Each structure stands twice: as structure tokens, then as C-alpha cells.
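Next come the chains, spelled out residue by residue.
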Amino acid sequence: MMKKKSISSSKASLVLFLCQMISALDVPLDSKLLEELSQPPTITQQSPKDYIVDPRENIVIQCEAKGKPPPSFSWTRNGTHFDIDKDAQVTMKPNSGTLVINIMNGGKAEAYEGVYQCTARNERGAAISNNIVIRPSRSPLWTKEKLEPNQVREGDSLVLHCRPPVGLPPPIIFWMDNAFQRLPQSERVSQGLNGDLYFSNVQPEDTREDYICYARFNHTQTIQQKQPISVKVFSTKPVTERQPILLTPTGSTSTKVELRGNVLLLECIAAGLPTPVIRWIKEGGELPANRTFFENFKKTLKIIDVSEADSGNYKCIARNILGSAHHVISVTVKAAPYWITAPRNLVLSPGEDGTLICRANGNPKPNISWLANGVPIAIAPEDPSRKVDGDTIIFSHVQERSSAVYQCNASNEYGYLLANAFVNILAEPPRILTPANKLYQVIADSPALLDCAYFGSPKPEIEWFKGVKGSILRGNEYIFHDNGTLEIPVAQKDSAGTYTCVARNELGKIQNEVQLEVKDPTMIIKQPEYKVIQRYGQVSFECIIKHDSTLLPTVTWLKDNDELPDDERFLIGKDNLTIMNVTDKDDGTYTCIVNTTLDSVSASAVLTVVAAPPTPAIIYARPNPPFDLELTGQLERSVELSWIPGDENNSPITNFVIEYEDGLHEPGVWHYQTEVPGTQTTIQLKLSPYVNYSFRVIAVNEIGRSQPSEPSEQYLTKSANPDENPSNVQGIGSEPDNLVITWESLKGFQSNGPGLQYKVSWRQKDVDDEWTSVIVANVSKYIVSGTPTFVPYEIKVQALNDLGYAPEPSEVIGHSGEDLPMVAPGNVQVHVINSTLAKVHWDPVPLKTVRGHLQGYKVYYWKVQSLSRRSKRHVEKKILTFRGNKTFGMLPGLEPYSSYKLNVRVVNGKGEGPASPDKVFKTPEGVPSSPSFLKITNPTLNSLTLEWGLPTHPNGVLTSYILKFQPINNTHELGPLVEIRIPANESSLILKNLNYSTRYKFYFNAQTSVGSGSQITEEAVTIMDEVQPLYPRIRNVTTAAAETYANISWEYEGPDHVNFYVEYGVAGSKEDWKKEIVNGSRSFFVLKGLTPGTAYKVRVGAEGLSGFRSSEDVFETGPAMASRQVDIATQGWFIGLMCAVALLILILLIVCFIRRNKGGKYPVKEKEDAHADPEIQPMKEDDGTFGEYSDAEDHKPLKKGSRTPSDRTVKKEDSDDSLVDYGEGVNGQFNEDGSFIGQYSGKKEKEPAEGNESSEAPSPVNAMNSFV
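Predicted model, so just to flag it, every value in this text is computed and none were measured.

## Observations regarding the overall build of the protein chain
Broken down by element type, the protein chain carries six helices and 94 strands. The 1268 residues of the protein chain split such that 41% are buried. The long-range fraction of contacts in the protein chain, counting pairs at least 24 apart against all pairs at least 6 apart in sequence, stands at 65%. As presented, the protein chain carries roughly 69,000 Å² of accessible surface, and 51% of it is formed by carbon and sulfur atoms.

## Observations concerning the state of the cysteines
Under the definition given, this model contains six disulfides. One disulfide in the model links cysteine 162 with cysteine 213; its S-S distance is 1.9 Å. Here cysteine 162 and cysteine 213 share a disulfide; its torsion about the S-S bond, -70 degrees, makes the bridge left-handed. You can see cysteine 162 sitting in the loop between strand S13 (158-160) and strand S14 (172-176) and its partner cysteine 213 sitting in strand S17 (residues 208-217), a full 51 residues away along the chain. This pair shows no difference in class: cysteine 162 is buried, exactly as cysteine 213 is. Across the disulfide from cysteine 268 sits cysteine 316; the S-S distance is 1.9 Å.

## Digging into the pattern of salt bridges
This structure, assessed with the given rule, holds 37 salt bridges. Residue aspartate 50 pairs with arginine 135 through a salt bridge whose shortest N-O separation is 2.9 Å. Of the two residues, aspartate 50 is situated in strand S2 (residues 50-53) and arginine 135 in strand S11 (residues 132-136); the sequence distance between them amounts to 85 residues. Under the relative-accessibility criterion, aspartate 50 is labelled partly exposed at 45%.

## Notes on the sheet that holds strand S54 (residues 576-579)
The three strands lie next to each other as S49-S54-S53, forming an open sheet whose pairing is antiparallel. Two strands bound the open sheet, and with one partner strand each, they are strand S49 (539-542) and strand S53 (570-572). Strand-to-strand twist across the sheet, computed as the mean angle between neighbouring axes with direction ignored, equals 15 degrees. As paired elements, S49 and S54 share four bridges and run antiparallel to each other. Across the sheet, residue glutamate 542 finds its bridge partner in S54, namely asparagine 576.

## So, the packing of aromatic side chains
Taken as a whole and assessed by the stated rule, the structure comprises 24 aromatic pairs. Ring geometry for phenylalanine 82 versus tyrosine 116: centroids 5.8 Å apart, planes at 75 degrees, classification edge-to-face. Of this pair, phenylalanine 82 sits in the loop between strand S6 (80-81) and strand S7 (90-92) while tyrosine 116 sits in strand S9 (residues 114-122); the two residues are 34 residues apart in sequence, bridging distant segments of the chain. With respect to class, phenylalanine 82 is no different from tyrosine 116; both count as buried. Taking 5.4 Å as the distance between ring centres and 25 degrees as the angle between the ring planes, the aromatic pair formed by phenylalanine 541 and tyrosine 590 counts as stacked. Here tyrosine 590 lies in strand S55 (residues 588-595) and phenylalanine 541 lies in strand S49, a separation of 49 residues in the sequence.

## Let's talk about the sheet that holds strand S32 (residues 367-372)
The sheet built from five strands is open, its strands ordered S29-S37-S36-S32-S33 with mixed pairing. Edge positions in the sheet fall to strand S29 (346-348) and strand S33 (375-376), since each has one partner strand and no second. Sheet topology note: the S32/S33 ladder contains two bridges and is antiparallel. Along S33, the bridge assignment pairs leucine 371 with proline 376.

## Some remarks on the environment of leucine 516
Position of leucine 516 relative to the elements: it lies in strand S46 (residues 508-519). The exposure class assigned to leucine 516 is buried, which follows from its relative accessible area of 2%. Linking leucine 516 and lysine 438, residues 78 residues apart in sequence, is a C-alpha distance of 8.7 Å. Contact partners of leucine 516, with chain neighbours within four places excluded, come to Tyr440, Val442, Ala448, Leu450, Ile488, Ser495, Ala496, Gly497 and Tyr499.

## So, the nonpolar core
If you look at the biggest cluster of nonpolar residues, it comprises 29 residues, and the most contacted ones within it are Ile59, Ile61, Trp75, Ile101 and Tyr116. Among the secondary structure elements, those contributing two or more residues to this core are strand S3 (59-61), strand S4 (63-68), strand S5 (72-77), strand S8 (99-101), S9 and S11. At three residues, S9 tops the list of elements feeding residues into this core.

## Overview of a nonpolar patch on the surface
On the surface, Leu1143, Leu1146, Ile1147, Ile1150, Val1151, Phe1153 and Ile1154 cluster together into a nonpolar patch covering about 670 Å² of accessible area. Here valine 1151 shows up in helix H4 (residues 1132-1157). Owing to a relative accessible area of 42%, valine 1151 belongs among the partly exposed residues under this scheme.

## A look at the environment of serine 727
With respect to the secondary-structure elements, serine 727 resides in strand S64 (residues 727-732). On the accessibility criterion, serine 727 (38% relative accessible area) is partly exposed. In this structure the C-alpha to C-alpha distance between serine 727 and glutamine 798, which are 71 residues apart in sequence, comes to 10.0 Å.

## Focus: the environment of leucine 417
Mapping leucine 417 onto the fold places it in strand S37 (residues 415-425). Taking the C-alpha atoms as reference, leucine 417 lies 9.6 Å from alanine 342; in sequence the two are 75 residues apart. Residues contacting leucine 417, with those up to four places away along its chain left out, are Lys49, Pro337, Tyr338, Trp339, Cys408, Asn409 and Ala410.

## So, unusual backbone geometry
The linkage connecting lysine 68 with the following residue, proline 69, adopts the cis geometry, with an omega of 0 degrees. Assignment of secondary structure puts proline 69 in the loop between S4 and S5. Phi at tyrosine 690 takes a positive value of approximately 55 degrees, unusual for a residue other than glycine. Its location among the elements puts tyrosine 690 in the loop between strand S61 (682-686) and strand S62 (692-700). One non-glycine residue, tyrosine 897, adopts positive backbone phi at about 50 degrees.

## A short note on a negative patch on the surface
On the surface, Asp562, Glu563, Asp628, Glu630, Glu640 and Glu713 cluster together into a patch of negative charge. For the negative patch, the elements supplying multiple residues, two or more each, are strand S52 (562-563) and strand S57 (627-632). Inspection of the secondary structure puts glutamate 630 in strand S57.

Scoring rules and cut-offs
- Residues numbered from 1 in each chain as written.
- Predicted model: local features only at pLDDT ≥ 70, side-chain atom pairs only at ≥ 80, totals over all residues.
- Heavy atoms only, no water.
- Helix = DSSP H or I, 4+ residues; strand = E, 2+ residues; numbered from the N terminus.
- Buried < 20%, exposed > 50% of the residue type's maximum accessible area, 1.4 Å probe, protein only.
- Contact = heavy atoms within 4.5 Å.
- Areas by Shrake-Rupley, 256 points an atom, 1.4 Å probe, with all protein chains shown as cover.
- Disulfide = S-S within 2.5 Å.
- Salt bridge = Lys/Arg side-chain N within 4 Å of Asp/Glu carboxyl O.
- Pairing = 2+ DSSP bridges.
- Axes fitted to C-alpha atoms, helices over the stretch in contact; angles between N-to-C directions.
- Phe/Tyr/Trp six-rings, centres within 6.5 Å; stacked < 30°, edge-to-face > 60°.
- Core = buried A, V, L, I, M, F, W, Y, C linked by side-chain atoms within 4.5 Å.
- Patch = residues over 30% accessible without salt bridge, like charges linked within 9 Å, V, L, I, M, F, W, Y side chains within 5 Å.
- Lys, Arg positive; Asp, Glu negative; His and termini not counted.
- Charge placed at Lys NZ, Arg CZ, Asp CG, Glu CD.

Any functional reading would require information that these geometric values do not contain.
If you want it as C-alpha cells, here you go:
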């Protein structure tokens, strides 16, 4: 039992109303029926709304209509009745409303300008045409004007104005010369949209006197010519290059309004030298794909079929090597009215209900108004069955007098739409349009469709009976279609018989009988089989069939899907095909086809012809490509493809691969479609709408694939609604107040038709909101602004094209933009595990304060100071990130015996939240690093002196040092190991009671309370006797370190002419030593490019002396400090000094010039020529040192000869060193040349150059050279 539900009266009436609306009659397209039924007028043809006519020809204003009875016609002109009988020049065509105005016999087109409207009327109503505006075309002459020659400098811009006469319609503009040849255009010279000719920069070849602007008026087929314009280009050398400026449009911004569906043209033309290149972008979006074109050398942006989604700011950028200029055009897309739902004709029965719906859209929103029979509905005769509700007219309990033609007018400031829709009230008894006693024959187990086409008003009810007195047919074994057809899905033998169709309504009843016969299916009970036959033999294929006795079968044999050869060797019997005297040409596929009037069956077999023995070696190869591709049975979504296989080359074809090309969307690209067995040469292919298909076939055997066949003919399928929606729909905000909706656009033929767009819909999740929707162009992104921060949204994107919408899309969940987290983690705790590892804990922040996707937590930690040295160093913060909602983390790599601070921050997709309060923790002691150096000096017969430095990283409080040593014999074997513990406050030790002339190896390390640190090793030898050793030695290595460099000096005892080198590296590091070669035999060197605040180890060696080296020394560079340098060139005393020097040089030059003119010789020049100074050596550029080092050079007097060339420039290799750089300050430093100098007071410390390059100090000579 079905449960009954109570329905309120209002809901019941609504359901009843909707049901009655759905039951509105559809009139069958039966010619006899249409001739008998009354019908209100319908306009079938009319002239365009804006009708520009040729004033030299007769004016024809079309108005055609149909109706029953045939309608009569009348016209209005400018809103009043137009009596054509009173105007001899105007006639109306017979049985038509079309007007012909005779202009060629004395009439003037201007006299008939105006707004015309046609009315077609019969007894059931009146239909009206659009307002047709008649205007004759005009092609006025050019206004006389005096044109001055244009004289332009080479490289300047130029605009030649056309200013054509105003015509109707506007003329087409082009530029030509006197020889009627079009003027060449390029990126440099081009015509603007207004017809002017623009030169970005003129060249000498632009000089000519025949720049002529032409205006062509197409309606009147006339061309008007402007007077020639002269341009003369004069050259100036050199030609000045210019950065771009925009010639049009002017200013930085402009606006543009365009209507939906039109073509948007934006233009930017720029001047500049070199010629600027134009580039277009859309701010905050992308230029629409497939609708964007660039014209006039990219100076014109063209977007076809614009929609509201194309509104926005478009920026053009003109750029050359000197710079750029840009202009922003704000585009607003408005829309004339366009139909959403146009009213449709309504056929009702008396007493029924119905609606006329008129829905249009536009920008601004159009106003909807109704007319009845051409009269505003407010003043039309009243009809009690009619009620107007905005864009809908509701009809209730209509009567025959309610028949009328209604007009819907949708208008805004950009245009209007007018649609006629009639309401035809018919009272007609049932009629059955299917012929009586029609015979239907079907094969058993196939569907049977019995027709019962009908019409009546009210709509008749249809019932089917089997037999003359049978009961009404019901049940699942029958399907009853709305058009009256009875379908028997699986017809059996007992389904045969007489079927009666009965149609009845309140005005009558009628019935019709049809006959159904069910036949046995045709079958091939013995099919032909695969045969291999030797050449010149005989072969037979069988094809035995079984069929319905009342059907007459015909048997046809085919070879390779074609007729059998006309050859007497082929014998067709009743049940077989025999081939006599077989040849190689008989090789192929043979098919037996059995046809009846109701069905068809077929079977195939392959015949392979082989040579008679002895069989020669068979050559196997890939098959030849198929050929003769043919398309048949073209339907909207399918087509049948057939082909003929090529030669299989002794290896049977195993399968065929079918590929297709879409010539509309991807020409030249072939895609896999399907494949079939090698015995099949036809296939029914499924197709997609709006695709221009071509097919090709590839044969495959065991050897490989054949070449593709020639393409088939093209087949363009009809457009349809999209079958699918965009994929990968996502919603991710890029800002706290927006939601960026993205998707993967449909590809190529997935659009199913032209005008692909997307309907983007969104609403906030878990909030009772309506969907908000917008239709956008074929793009892949839409930005929703003004959203709350990080809230979930339901999102869907639906594809649509010009034919309609795709199926309803599925919803996805996205989130609006994230913002930075609001609060910091609380209750931060640190647990120190050991001297280099700590664990930090914190409480998670509430998820609502994260304001985004929680990505994790970041721990910032940094060393405040070392507890052993109590000296603050450069703070380097370290960061560890812990993913997810973790509440703890480990901090590795800490330095022992140090004070640290840390804080914790929560992280989302936008960034980091505020930091928690800094938490201080300390690490315990650890083992120390190795001592900074170990130096062994003062060797005697039985003693050595050891000196050492503190560890670079004590990592705690030092408790002692451990010294271990052992002798090494001549075979490098180690002797017994001796260990000595030394107090931590000692820095040297004299080892006594050693063996003379013995090499010892020393191991030295420091200790804290935690344990021993890494050790440093060194070797030394006690002397053989007290006589000074003859071998060379390097001792007393000292360093003076600055921020990024250090001066190294040493003492050397040994042979002369020794080349030294300096090796250095970071103290305690295991990296290889870096080596620098010392120029000459100096005993000092400058190490440059060092890192501030770093401990280094250094040693000095001598090449060629068996690798003899000094002991190691350790030093530390100074911390990085802000520079305090003052530019000397800005000091007042220096500027005064330079002015005096410049004046003195000027006087000397004048004297020199006078002396030379008198034939004399400048005495200083004589001295320079006679006594070239051999002592002045160029400074080398690699390390800033002089070519040779000599003690005598320090005492040589400064040469008087000028070292400045006569062209008043200072060469790079000239020495420009001076005491001005160093001054007489008290803060001593080692300069890079190794000499001890003072720091100049008031001049900031000179910053050394990076790396090992020389750093030249500014000299008075250089300063003067820049000054003059």
C-alpha cells in the first residue's frame, strides 16, 4: 500500500497549474492538418532594424507573414498610419506585406526616410514587425583645405591627418600614392583606427609629395580623395635616440565602452627611436584565449565576441632600449538586450491554463513591456483570463475569444528586442494521423514500434488494445510514448496480431487498427572457413543459411568488401562459392552477405594463396597501408568507416588501428580512436559534437605497423551542449578578502560547440546562502572579492556554449584567502638534554586564530653569548620548522656552555604569526676544541720550549692541558709515549732531559670537567751540538689582523734568494691549507679577503728547501664594524688645494705652449727624455705590491719629472700612492704593503678590497684628474 500524503490547497493548485502548463498542445507538422486549423499571424520575414538603402535604387521594405486565414497587411511611418494608396510611388506586393518604393522613376530616397512598422492581421490576432529605420546612404565630398608641406627632422615622430567626410555608413580609409599603389606600412609607419597615418620616427626615405588619403563608400561604390600631403625629412647628425611616448591615445588613462557580442578594438601607437615595440596585458587577469588577435603590428588589440567578463583595465606598453611608456584603457562592456527565454507560441484548449514567459538580460537591465495585437496591453481590450506579472503573462481558463498575438518588448539605452508569440485557443475532436491497417513487420527478439500519430484539443488520451475486443494493454512489457507510439521492446512470435489505438477527449473519440507480423531471424548455420590453397588449385567456401519462410533472402559474395571479379573462374552455387585455377590475385577476404527486407547477416573468411612446392623463401614485411577509406551512415554522434586492406606481405594482419584528426581545433594532430581485428574492415565510430573529423587506418601484423592510409573525407558533426564540465576545480584565496576559483579549461572538441563559456557559482559553506553565479569567457580563473577571511566555500563551474549548458557540475570545497595568525603559542618550555641538544615544548594555538591552513610551528633560536668568554658576538638566528600541529621539537647543533634565547611562532599559508616571549636557556659544559696553536722553539741538546694558545672554543671552564710525546727514529718508528698534565693557567713549558739530535712528535689537547678535547700535533728536533745550525729556518711569525685582512711578518735565517709562501686556514677546521706565493724575497705578506670575527691558523714556508715550514701561529680577525670613511673629495681644504694645483698646471701649460711655438724645448721634457727614471716600477695588479723589493727604495728622493701624460690622464699602472692617504694619526695599523703607518685623522679606515685584488688608495693626482 502506498502512503497517502495531504497537500495544502495552495500547493495542490500550483501542482495542477504546472501540470496544465506542461500539457500545452504541440501541433504536428502534418500538412493536411495545418491547412485545416486556424492560426494567428506569424511574421516570417522582415527587413533589418537599421536599413541603409542605396539612394539610386528602388527601396524594398520586406514584411512576410503566415496565418489561417491568410493575414492582411498595413504599415505605419513615424508612428502614424502610412496610406500607400495615396502615394503613387509606393506599391505592396500581392499576397504579401512587402513595400516597393519606386525611386528610379522620379522618387527621392530622402523623402522616404523614417521609421516603418508592418502589421499582419487576421481574425485571431495581429503580429507586428520591428521598427525598421530607413536611411539613404551618403558619400559627401572632402572639405576644401589648404595643406602645408610637412618638414620633419630625421628621427622625429609625425602624424598625417586624414579627417574623412562623415558618411553613412562610415567610409573605409586607406593611403595610396599618385600611382594608386598602397603605401607600405610597418612597425614604424602604420594607419590608426581613425584613418590617420602615424610615423613613430621618420627616415629620409619617407620624403615624398604624394601621401594621399582615400575614403571608400561601399553603399554608393564611390571613392573620395584627399589632396596630396607633402613630407620632407631633413637630416641632422647624429640622430638623437628617444624613449617612447604615446601618440594615441593621449594621457595615461582613457575609457572605452563596448557592447556585448561586438568586436573590441583598442589601439596604442607610440613614437620613439628605435621604433618601440607594443605589448598588451590585462591587469588582474589574462587576455581571453581563442578570441584575442593582434593587428597593425600589435598596435591594435582585437577581442571578438566580447562579454561582461571582458570588462577591466587593459594596459599597452611601448618599449625600446631607452625606456618605456604605457597607457591604461578602462573597458566597460555593456549589453543591448538579449534573450534568456523568448516567448513561444502557445496552443491551448478551452478551459486550460498556460503562460507566456519573456525573459531578457542586458546591461543595464532591460525594461520588459507587453503588447496585445500590437497595442500596449494596458490599453488593449480586457481579457479576464489574462494576468500580467512582470515578464510573465498567466492565462487561466481560456476561451476561444482569448486567441491573440502578444508582443514582448525588452529595451534599454543600447537597443531593444521585439518578439511575437500567439496564444491560439483550439477546440478540436481527436484525429489519428497514422494510416489505417498499416502493416508492421519485425524480426523476433527485436523491438517493434507501432505508430499512432494524433491531434486534438484538448489533448486526447491514448489507449492501446490487442485484438478487436481485447483488454487495454498495460505492464512492463510495453512502453507507451507521449506521441502515441506503442513500443514492444522484445517482440516474440506471440506478439503478432491486430493492435487498436483509441484517442478520446471531451469532444469525441476515434480509433485505428494496425497489424504486426513477427518473422524468424535469418542465420548462417555454416560459415565460410579460412583456407590456404596452392597456386593453380581449386577452393570452395560454404555459406548455408536458415530464414523465415515468408521472407525471400538474397545471397551476395564479396571479395575484399567489393564485388567479385568478372571472371568465369568464380562459380556461385546455392550454398557455396567455388574458385577454379586459383592465382595470386585471388588472395583476400571473401564475405557471404544474406539480405532480407527486414534483416541482414554476413560471415567472412580469408583465402591465402601459396606457391606450389618447392616453396621459395618467403619474405615477411610490414603490411601495405589500407586504402579507399569511405564514410557512410553519417549521424550526429556516429559514422561508419570502411576501408580496403593493403597487401599483408606474407604475414596476416592481426588488427587495424583507427586514428582521427580534428581539423577544427587541432589540425595536423592525429589521435588514437580505437582498433579492430584484422578480419574486420568496417566499424561504427562514436563521435563528439562540433568536430571536423578525418580518419586514417594503420594495419598491424607480427612484423610491425604499416604506414597510415590516406585520410578519409572530412565530416563536421553538429554542435551540441557540452557533455562535461571543467576538471580540477579549486578555490584558494590569494588575499585575506578574496577567493580565487581556478579550473582546467575544456580542451578542443570538448566544447561541443562555439561560444564556450563557464558559469562560475559559489556560496559560503554551512551558511544558508543562495548561490552567486557569473558567466565568464573561456578563461581558467575567476576572483571573488570581499570575502571573509579563510572560510569554506562550495564551488562549482559549469561549461556552456551557444547551444546551452553542460550537466549540473559536482561541488568542491575551497577556502577564501588566509591572513597572518593572530596569537603566539603559549607556555613555551625548554628542556636541555645535553651540551648540544635541547627539547622545546609549547601549547598549540586555537585553530580559529590561525586564520588559514595550519602548516606548523617555527622555532627561532640564537646564541646570546658564550659563558666561558662572556663576550657577545654577532647574533645569527637559526630557524627550525615543525610541520603539522606538533607541540614539541628538538634543537640540535647547540654550542656547549652558552646562553641561548628562543621563541615560537605559528605558521599558515600566508606566513608567520606573532612570536612568543623570548625564552632563555643555557647549555652545560662540553669538551673543548683544540688549542689555537702549538709552537716549539729554542731547541737545545736536551730541551725544547713549548708555547700554546687557548682553545678557540673552550666550551666550558678549562681544568688542565694534556701533553703526550714520543721520539721518532730514522725509520719513522715511534718510541714510548710520555704523558704530562699541565695546569690550565699555563701557556708554555720547557721540556728537559731529552735526547740530543732526536725528532719528537707532540700531541697536545685541553680538558674541561666533561672530558678531553681534540688534539693538535707538532714535531721538533733537538740539536746535535751548541753550534748554530746550518739549515735554514723561519721563526718569529707574527700577525697584525684587521677586519678582513692581516699583515704576516717573519724572520728568516738561511741562504739568499729563497721564494716564500704563506699557508693559512680556519683554526680547528679539517679543510686543506690555502697557499699564497710571496713576490720576491720579502719577509712580510698581506692576507686579504678574510671573514670578520674568525680565528685563523697560519704558517710560512720556503720553496726549494725540502718543504721547510715554520711552526703554526693563530690569530683572529676583528669584528665587522660600520664604516666611518669620509669622502676626501668633499673636504674644503682638499678642494682648495686641488684648485691651486689646477691653476698652477694651467699656467705651466700656457708657458709650455708659448715656448714650443718659439721653437724652444720644455726643460722638464728634456730631462725626461735624457734621464728616464729606472727606479719607477709599475705596480702589479694582482696583489698591490711593487715589482721588486729593495731597501734602497725607501730612501730615494721623489722625482721632479711629471708622470702625468700630456693628455692630462693618469694611466692605471702609474703609482698614485701618497702620504695624504695615511696622515699622522696615532692609531697605528699595518698597511697592505707591510709598512707601519698612522691612521689619517678625520679619514675613515680604508676598506680592503674583496679577495686578493689590490686596493688602491685615492691619491692627489687621481683626485685632480677627476676634478679637472
